[in-house]
Amino acid sequence: MVQAYMLIQTEVGVAASVAEAVSEIDGVVRVDTVTGPYDVVVLTEAATVDHLGTSVVSRVQRVAGITRTLTCSILKI
């Protein structure tokens with residue numbers, strides 16, 4: 001199992017609706033609205049890195065109201 005955090009910037013005033021839409025996507029474990037340079041932080045997981053990219057990250061990026069994402073893979077060191 002691989003996991004990654006997605007840091008999401010949204011259009012002004014839509015962070016709550018983006019968080020709600022993202023929470024419905026398979027592979028999304030947790031969604032939090034936050035303050036700072038990002039508006040929403042998402043914990044994602046999938047069986048493989050390829051599946052994470054094609055089935056989770058790409059679906060999150062298509063949610064209306066998202067202007068930018070940064071995906072941070074979790075390392076087990």
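Quick caveat, the model's predicted, so the values are computed rather than measured.

Conventions adopted
Residues numbered from 1 in each chain as written. Predicted model: local features only at pLDDT ≥ 70, side-chain atom pairs only at ≥ 80, totals over all residues. Heavy atoms only, no water. Helix = DSSP H or I, 4+ residues; strand = E, 2+ residues; numbered from the N terminus. Rg over C-alpha atoms; globule rule 2.2 N^0.38 Å. Buried < 20%, exposed > 50% of the residue type's maximum accessible area, 1.4 Å probe, protein only. Contact = heavy atoms within 4.5 Å. Areas by Shrake-Rupley, 256 points an atom, 1.4 Å probe, with all protein chains shown as cover. Lys, Arg positive; Asp, Glu negative; His and termini not counted. Charge placed at Lys NZ, Arg CZ, Asp CG, Glu CD. Salt bridge = Lys/Arg side-chain N within 4 Å of Asp/Glu carboxyl O. Pairing = 2+ DSSP bridges. Axes fitted to C-alpha atoms, helices over the stretch in contact; angles between N-to-C directions.

### Side note on the overall build of the protein
Alright, step 1. Within the protein one finds 2 helices and 4 strands.
Alright, step 2. In summary, the protein has a C-alpha radius of gyration of 12 Å against a globular reference of 11 Å for 77 residues, a match within 12%.
Alright, step 3. Its C-alpha atoms give the protein principal-axis dimensions of roughly 35 × 25 × 15 Å.
Alright, step 4. Taking all 77 residues of the protein together, the buried fraction comes to 31%.
Alright, step 5. Restricting to contacts in the protein with at least 6 residues of sequence separation, those with at least 24 account for 69%.
Alright, step 6. As presented, the protein carries roughly 4800 Å² of accessible surface, and 53% of it is formed by carbon and sulfur atoms.
Alright, step 7. Averaging the positions of the 5 positive and the 8 negative side-chain charges in the protein gives two centres separated by 6 Å.

### A look at the pattern of salt bridges
Alright, step 1. Scanning the model with the defined rule gives 1 salt bridge in all.
Alright, step 2. For Arg30, the salt bridge goes to Asp32, with nearest N and O atoms at 2.6 Å.
Alright, step 3. The class for Asp32 is partly exposed, based on a relative accessible area of 28%.

### Looking at helix α2 (residues 49-61)
Alright, step 1. Residues of α2 that are buried: Leu52, Val56, Val57, Ser58 and Val60.
Alright, step 2. Its buried side turned inward, α2 meets β1 (2-10), α1 (15-23), β2 (28-33), β3 (40-46) and β4 (66-73).

### With respect to the environment of Gly65
Alright, step 1. With respect to the helices, strands and loops of the structure, Gly65 is situated in the loop between α2 and β4.
Alright, step 2. Distance in space between the C-alpha atoms of Gly65 and Ala15 is 7.9 Å, their sequence separation being 50 residues.
Alright, step 3. If we skip the residues at most four places from it in the chain, Gly65 touches Gln9, Thr10, Glu11, Val14 and Val18.

### Comments concerning the sheet that holds β1
Alright, step 1. In space, the 4 strands of this open sheet follow the order β2-β3-β1-β4, with antiparallel pairing throughout. At either end of the open sheet lies a strand with only one pairing partner, and these are β2 and β4. The average angle at which neighbouring strand axes cross in this sheet is 20°, direction not considered.
Alright, step 2. As judged from the 5 bridges shared by β2 and β3, these two strands associate in the antiparallel manner. Residue pairing in the sheet places Asp32 in a bridge with Val41 of β3.

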